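An overview of the molecular structure
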Amino acid sequence: MFAPGHFNDCHPPLGESPIDPECSQDIGQINLQTLQVAVDNSVPDRLDDTLQVLGEEPGQPEQPQDLGKTNLVFSETPQVAINNSVLDTLDNTLPALHEELSYQEPTQDPGEMQLSGMQQVIITAVCATDLTLGLRRIPAGFHVVVKADGAEYQTSNKSVNVDQTDVEWQERIVLPCDPSSEVWVSVYASFELGPMVCHGELLRTFEISVGELLDRSEKLHPIIFQPKQEEVVSACTSLFMRVEEQLSDQNDTAVLRPPTVPCRDMEALALMTDVGHRLLARYCRTQTSGDLQQSIQHFQRASDHCPMDHPYRPAALFNLATAKFLGCEADGTYFDLDLDIPISLFQGALDSRATHHPDRSVTQLYLAIALFSRFAKRGFETDADAAKGLLSEVLEVCHANSHIYRAALIAMKMGTLHSAGRIDANEIGQERPATSMVPLSPDQLRDRAEWCLQRDEPDALDEVISLHYDALRYYNTGHAYRGGWLCNLSVMLKTRFERRGNGKDLDEAIALQTEALALCPVGHTDRSMLLNNLASELFSRFQHRGNDEDLDETIALQRETLALRPSLNNLACGLFFRFHHRGNDENLDEAIALQREALALRPVGHTDRSQSLNNLAGHISSRFEHRGNDEDLDEAIALQREALALRPVGYTDRSLSLHNLANQLSSRFEHRGNDEDLDEAIALQREALALFPVGHTRRSASLNNLAGQLSSRFEHRGSDEDLDEAIALHREALALRPVGHTDRSTSLNNLADRLSSRFEHRGNVEDLDEAIALHREALALRPVSHTNRSASLNSLGVQLSSRFEHRGNDEDLDEAIALHREALALRPVGHTHRSTSLNNLGVQLSSRFEHRGNVEDLDESRENLLYALTLLSQHDPRQLVVHWSLAEVYLLFHRSEPDGTVAGENSDNLDAAMQHMKAATNIISGGLRSRLRESLRWVRHASEHSHSTQLEAYATSMQLLDAYMSVTASVSSRHNVMKEFPSTLAVDAASCALRSGDVRRAVELLEQGRTIIWTQMARLRTPLDSLQSCGDHAMTLMKKFRDLSSLLNKPASHSEDIPRVDVEAGETRYRRLVENWNGTVEDIRKIEGFSRFLLPLLFSDLQDAGRDGPIIVLIASRSSCDAIIIPHEQPLTSIQLPTNFQKLAKLEIAFREAVPKDAGPKGNQRALMEALRKLWNVVVRPVVDNLGAIARRGPRIWWCPTSVFNFLPLHAAGEYRKDGESLSRHYISSYTPSLTSLIKARASHDKSPSVPFVAIGQNHPAGVLFTLDAVEPELELVRTLLPPPPIVSFSKITSVDATKLTALCALQDNTWFHLACHGTQRFDEPFQSAFLMRDQPLSLLDIAQMDLSHHEFAFLSACETAVGVPATPDEVIHLAAGLQFAGVKSVIGTLWKVDDPTVQRLVKAFYANLCGDGTMNSKRAARALHRAVQLLASDRDIPLAQRIVFVHIGI
């Protein structure tokens, strides 16, 4: 528990740990901008947002970065028309026949074109663009296939050089003359220049009419292709076909002729090979292993069709080898076993391709790559040597501008690195396969890079980085695109660093960016962007490692950037971080001014406005943390809300805005105490964390901030789940911040604070020791110049003080004071957290005074605390802490007065203490939970000193408890909350009022402080019919009240399967509904005649409960035990009973043990008689003696017991001797949980002319192994004893029909009912106490949700239906009370287990007395039970415990 006066986690924060964890936010890095070769497309500068979650430590802002848009180098080639993406269809056995193609611009209707019969249509040229774009393998050449009128024509196979964009075929192909005739066109990449076994890999295919071909040829409109499905780019971006009409010339030798029809075997071979290529191409694109396996199978079958002397055998071997080699690369487990196979196949193909064979070079290239792979795994130098020899021959033979030459050059360099040991063999699998080392075009590289920036797909990012490295190796250092590739590769590496945290990537990014900058000297148009990029990466490294040189260089680069172009944001960010790192206010003010200027340049509608809003909000929020101006915080929140609105779900940087808005709302909660701010902050942080999965570099920041806000809610509301989750989150965050991480001190500090909170809450000393060790490590990471040193000093000081309180070690206390003095010195006048240090130093000084008695410590403590109070604004929740600390100090002054001082002679210090306690409970922003705890301390101290404010303290506590309970959504949760607070609060308050002589006030306090859960539920069902005559405004309020009450009265779900975030959202909605409901109630009270609407009843109203007989209220407190007799109109009678709380507790135990003892038919139950005799002597007889003057003998009385009295059978008290006295000889006893419930039960309602009566019995409920044989006979007995129709409309539900649902419906439809079944009482979850039905229990919670306000009577023939919960006796939570609070006027229940013979006899006697005259009146129930019990008393075969087990509750 909280030690009074200490500033710790049980209080609202004073700005830092332990209440205010520093919770830094990852600011992240400045927005990336990349070199634009053609156009300087300036990128939104981005800074991560700077805001702290809960603490005073702005120096460790923990926030994800505003990623912004990353522009990459190289502009895209303009396109005339855009086609829909083409599906890569494949049925795994046959090649796809065509691709669908849609055209953007209309062409002439072919029907309108007339061609002469003497003419023919001829394709004279075909030109394709970007044929190598996106290919995963190195092709030997490309060709086009045209199909028309059943004939197929194939162009020559042309190879392509590195710098060659277009390929043109000038073979002439004759087409049909009919314009409507369809032509099929396909473009293929082939993998052999020699005899072609098949077409190869299909790149594009489409269908088009002859007429449209002519039209496009005339207009010079090429066919434009979009990338294939799931591809960023695809080979062959456009195709142009020149088509002419010419006179027919039979002797035209240039016209292509259809090839001869191949034999069946050759056709099968070609088909198998084509399918293999298609599957292999799809595998290279999608990495689907099934495609690769099927490709290998098809190539294997093709190889099997080619015997040793077959002309196509080399091609078949080469294809099979390629597929198998890719299979080895796909699965590392294959390397050692299977690499020999593709190497052997490549060697076989090479052996069949002589020196001048056109495909010999490509075969040598692939064989060399396979040998290098085997060398990397096994280390055989012979493989490396053989590979180098093969590549040397390729380099000698091939043209330097060919793809094969460039691929061989790259392979040679990679192989040399492997041989030299500069590349680890384990990393070879991460290198891009040399078999696909055709560099992508500049545009394609740019497209892929942008695609990776927009998606977090690790494999794709690795691939694009590898592609950039390939391009840099492929092209020489003087290439025009080199600077762009350096810049973009740097961006990609930095992105990978951000996502995975490998510092080597960041170092490499900086090196590449530096090289790129060197290519853009002063005066170069792109220099400003490269300066910005390099600054961004240096800044990231500063964040990662904390090197001041990186930060200074960042700012220098940004100043140079600003001189070249308006890069305001990034310079502002650098200045902002230097402020956090070194504490120079000028840096912060300049940063804010720059951010405001940047925002002005991005008006509403600007694509990058959200980033400027975000960054300005972060800077202004930091200034609030530094200087405490509330206007700064409100402005920051408004800016951040606007930024979030511009980043909807799915937006790349939504997590950033979620995170930062949450932090700023949390900060405002800490300073003003608005619950909605805190709940919204937690919901936003949960959404943000979901966007940072495990492995994300910003996950630790998000973990830290969510934990901080859960901690704050724990302090505010006390949920253990919040605290445990916060600690788990902080531990995960700390694990992500190892030694050397710049934010490690933040995580150390925050985890330590939460462990300290748990120590205060649960008392585990290990938590405290760990907290101190963590704080010491954090302090060591924050030297004298560190911005957050004061926070660490403060936190460590608080923890050492706690350990002193726990163990009494003077060294801990002295060190704590020294630390707080140092912290205060670092917080001069005007510092936001100066009041924190003043308070905490004051608390420690008062502790030392208590321990050593030095008055100077106490004087200095009071001086510091009074000063701290003057520094806090009117709505600052931290006032609560300081008021309480001052109260403790004034109590110390009072206690230190000379022993001879007469009581009351000098009460100034005591009065001041009580006034500060009262003031603490009135700090609205402090939160209900904290105010309630302070009020209970006020009660304790006021009672200890018998101060005049004692009764006021009790009343305040009960009012706050009621308010605190009202914002708890579920009924079971309310009960758990009740268990946290003193169960005797109401009776202690009443006892206090009795001691002061105010009996009426005692009754009022009892009624206000008991049955709180039932009372709050009843408020939501309050009838408002009288408002209907008060005008339209009143009618509107009545409707609003009913609607809100209906929403609040819906049961809250307690399923453990509901996600925590949904539970929290539900709780937040509930609290908002409560606020609206309270506001509506206040509005109703303003209407004339409704000023006390739903306020606790005054005694003048409560006395009406005694209209039909006196009420005896029994009060059991530790100070005294009393009875108050409340007649209807006569004066109250207060009786001090001749017993005390301890004796009554022992008597209750005696009853509990005596009831089952000697309970057989022959047992005399002497122990039970002795307990009943004591009950008569010390409780009931004094009451009966005083009742004589108020009520004649024979009428009814009502017992309203409190505390331990709830568990005593008052109605059965007596002397239990021959002719001895007993209560039942004088009065008919009933019980009532409260006076209010009895008053409501007496309210009259219209009654049906025929009484609807249902008897519900369940003899074999779910989960019970035995059958209740007496249930059916009991219900039949009830039927026979009731008056016949039309007086009673009787129905019965039993056996399989008696389910939970049917029982609920029957209870709703019948105003009289008799229940015969198993009953269970759950002390751990009392609202789960239940009547057991056939399928599910009919629980108390189910009953409580029903409106039974027109119901008259219930007989509960089940066990333990009127037994309350010992932990919360004055909440009176049992089945019988639940039915009465639900509206049933009269209820018969049981105090303990009941046996079948007793029930049968009592039921018969009861109903005979209740309705034997043929009428039904629920007011007769008590008298009928009284007479039935008297009848049983004459039967000595029935044990005494069974004769007194039934009780009556209600009217």
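**Topic: the sheet that holds strand β2 (residues 141-148)**
With antiparallel pairing, the 4 strands of this open sheet are ordered in space as β3-β2-β6-β7. Each edge of the open sheet carries a strand with a single partner, namely β3 (151-154) and β7 (201-209). Mean inter-strand twist for the sheet, computed between neighbouring axes without regard to direction, equals 15°. When β2 meets β3, the two strands line up antiparallel, connected through 4 bridges. Each residue of the ladder has a partner; that of Val-146, found in β3, is Tyr-153. Its contacts with the sheet put helix α1 (residues 210-219) on β6 (182-190) and β7, and the angle it makes with β7 is roughly 100°.

**Observations regarding the packing of aromatic side chains**
Per the counting criterion, the structure on display carries 20 aromatic pairs. Between Phe-1353 and Phe-1406, the ring centres sit 5.7 Å apart and the planes meet at 15°, which makes this aromatic pair stacked. Residue Phe-1353 is located in strand β21 (residues 1353-1357), and its partner Phe-1406 is located in helix α48 (residues 1396-1411); the two are separated by 53 residues in the primary sequence. Overall, Phe-1353 belongs to the buried group, its relative accessible area being 0%. Connected via pairs of aromatic rings, a cluster forms that spans Phe-1253, Phe-1290, Trp-1312, Phe-1353, Phe-1355, Phe-1406, Tyr-1407 and Phe-1446. Over the ring of Trp-1198 we find Arg-1242; its NZ or CZ atom is 4.9 Å from the centre of that ring.

**Some points on the pattern of salt bridges**
Per the counting criterion, the structure on display carries 70 salt bridges. In this structure, Arg-496 and Asp-462 form a salt bridge, with 2.9 Å as the shortest nitrogen-oxygen distance. Of this pair, Arg-496 sits in helix α12 (residues 482-500) while Asp-462 is found in helix α11 (residues 458-474), placing the two residues 34 residues apart along the sequence. Here Asp-462 falls in the partly exposed class, since its relative accessible area comes to 26%. For Asp-632, the salt bridge is made with Arg-623, and the minimal N-O distance between the two is 3.0 Å.

**What about a nonpolar patch on the surface?**
Taken together, the side chains of Val-829, Tyr-867 and Leu-871 define a hydrophobic patch exposed on the protein surface, amounting to about 280 Å² of accessible area. Take Leu-871: it is sitting in the loop between α29 (855-870) and α30 (879-895).

**Considering the side chain of Glu-670**
Assignment of secondary structure puts Glu-670 in helix α20 (residues 654-672). Buried Glu-670, no salt bridge; nearest opposite-charge side chain is Arg-878, N-O distance 7.8 Å. Separated by 2.3 Å, the side chains of Glu-670 and Ser-712 make a polar contact.

**Let's talk about unusual backbone geometry**
In this chain, Pro-1285 is followed by Pro-1286 through a cis amide linkage whose omega measures 5°. A positive phi angle is found at Cys-236, which is not glycine, with a value near 70°. Take Cys-236: it is sitting in the loop between β8 (223-224) and β9 (238-247). In this structure Cys-236 comes out as buried when scored by relative accessible area, which is 0%. Phi at Ser-1203 takes a positive value of approximately 50°, unusual for a residue other than glycine. The topology assignment puts Ser-1203 in the loop between β13 (1196-1201) and β14 (1228-1231).

**Here we look at the sheet that holds strand β18 (residues 1319-1320)**
The strand order β18-β19-β20 describes an open sheet built from 3 strands, whose pairing is antiparallel. Either end of the sheet is taken by a strand with one partner, and the two such strands are β18 and β20 (1337-1339). Pairing of β18 with strand β19 (residues 1330-1332) involves 2 bridges; the strand directions are antiparallel. Its bridge partner being in β19, Thr-1320 is matched across the sheet by Ala-1330.

**Brief notes about the nonpolar core**
In terms of nonpolar packing, the biggest core is built from 182 residues, with Val-1180, Trp-1199, Phe-1331, Phe-1406 and Tyr-1407 touching the most fellow members. For this core, the leading source of residues is helix α42 (residues 1166-1187), giving 10 residues. Among the nonpolar cores identified, the runner-up in size contains 43 residues, and Phe-346, Leu-350, Phe-375 and Tyr-405 belong to it.

**A look at the packing of helix α24 (residues 744-762) against helix α26 (residues 789-807)**
For the pair α24 and α26, the least separation of the axes is 11 Å and the interaxial angle reads 25°. Looking at the two axes, α24 sits roughly parallel to α26. Both α24 and α26 take part in a crossing whose hand is left-handed. Of α26, the residues touching α24 (which contributes Asn-749, Asp-753, Ser-756, Phe-759 and Glu-760) are Ala-791, Ser-792, Ser-795, Gln-799, Ser-802 and His-806. Across the contact of α24 with α26, the residue classes tally to 2 nonpolar, 7 polar and 2 charged.

**A few points about the pairing of β3**
Only one face of β3 is buried, namely the one carrying Ala-151 and Tyr-153, since none of Glu-152 and Gln-154 on the opposite face is buried. Hairpin connection from β2 to β3: 2 residues lie between these consecutive antiparallel strands, with Asp-149 at a positive phi of about 50°.

**Points about helix α31 (residues 908-921)**
Three or four residues apart is the spacing at which side chains of an α-helix point the same way, because the helix has 3.6 residues per turn. When the terminal C-alpha atoms of α31 are compared, their 20 Å separation across 14 residues agrees well with the 20 Å that a helix rising 1.5 Å per residue should span. Those residues of α31 not exposed but buried are Asn-909, Leu-910, Ala-912, Ala-913, Met-914, His-916, Met-917, Ala-920 and Thr-921. Buried positions along α31 lie against α29, α30, α32 (928-944) and α33 (950-966).

Procedures and definitions
- Residues numbered from 1 in each chain as written.
- Predicted model: local features only at pLDDT ≥ 70, side-chain atom pairs only at ≥ 80, totals over all residues.
- Heavy atoms only, no water.
- Pairing = 2+ DSSP bridges.
- Helix = DSSP H or I, 4+ residues; strand = E, 2+ residues; numbered from the N terminus.
- Axes fitted to C-alpha atoms, helices over the stretch in contact; angles between N-to-C directions.
- Contact = heavy atoms within 4.5 Å.
- Phe/Tyr/Trp six-rings, centres within 6.5 Å; stacked < 30°, edge-to-face > 60°.
- Buried < 20%, exposed > 50% of the residue type's maximum accessible area, 1.4 Å probe, protein only.
- Lys NZ or Arg CZ within 6 Å of the ring centre and 35° of its normal.
- Salt bridge = Lys/Arg side-chain N within 4 Å of Asp/Glu carboxyl O.
- Patch = residues over 30% accessible without salt bridge, like charges linked within 9 Å, V, L, I, M, F, W, Y side chains within 5 Å.
- Areas by Shrake-Rupley, 256 points an atom, 1.4 Å probe, with all protein chains shown as cover.
- Lys, Arg positive; Asp, Glu negative; His and termini not counted.
- Polar contact = N/O pair within 3.5 Å; in protein donor to acceptor, adjacent residues only side chain to side chain.
- Core = buried A, V, L, I, M, F, W, Y, C linked by side-chain atoms within 4.5 Å.
- Parallel < 35°, antiparallel > 145°, perpendicular 65-115°, else oblique.
- Left-handed = near helix turned anticlockwise from the far one by under 90°.
- Nonpolar A, V, L, I, M, F, W, Y, C, P; charged D, E, K, R; others polar.
- Expected span 1.5 Å × (residues − 1).

Geometric descriptors of this kind do not, in isolation, establish any biological role.
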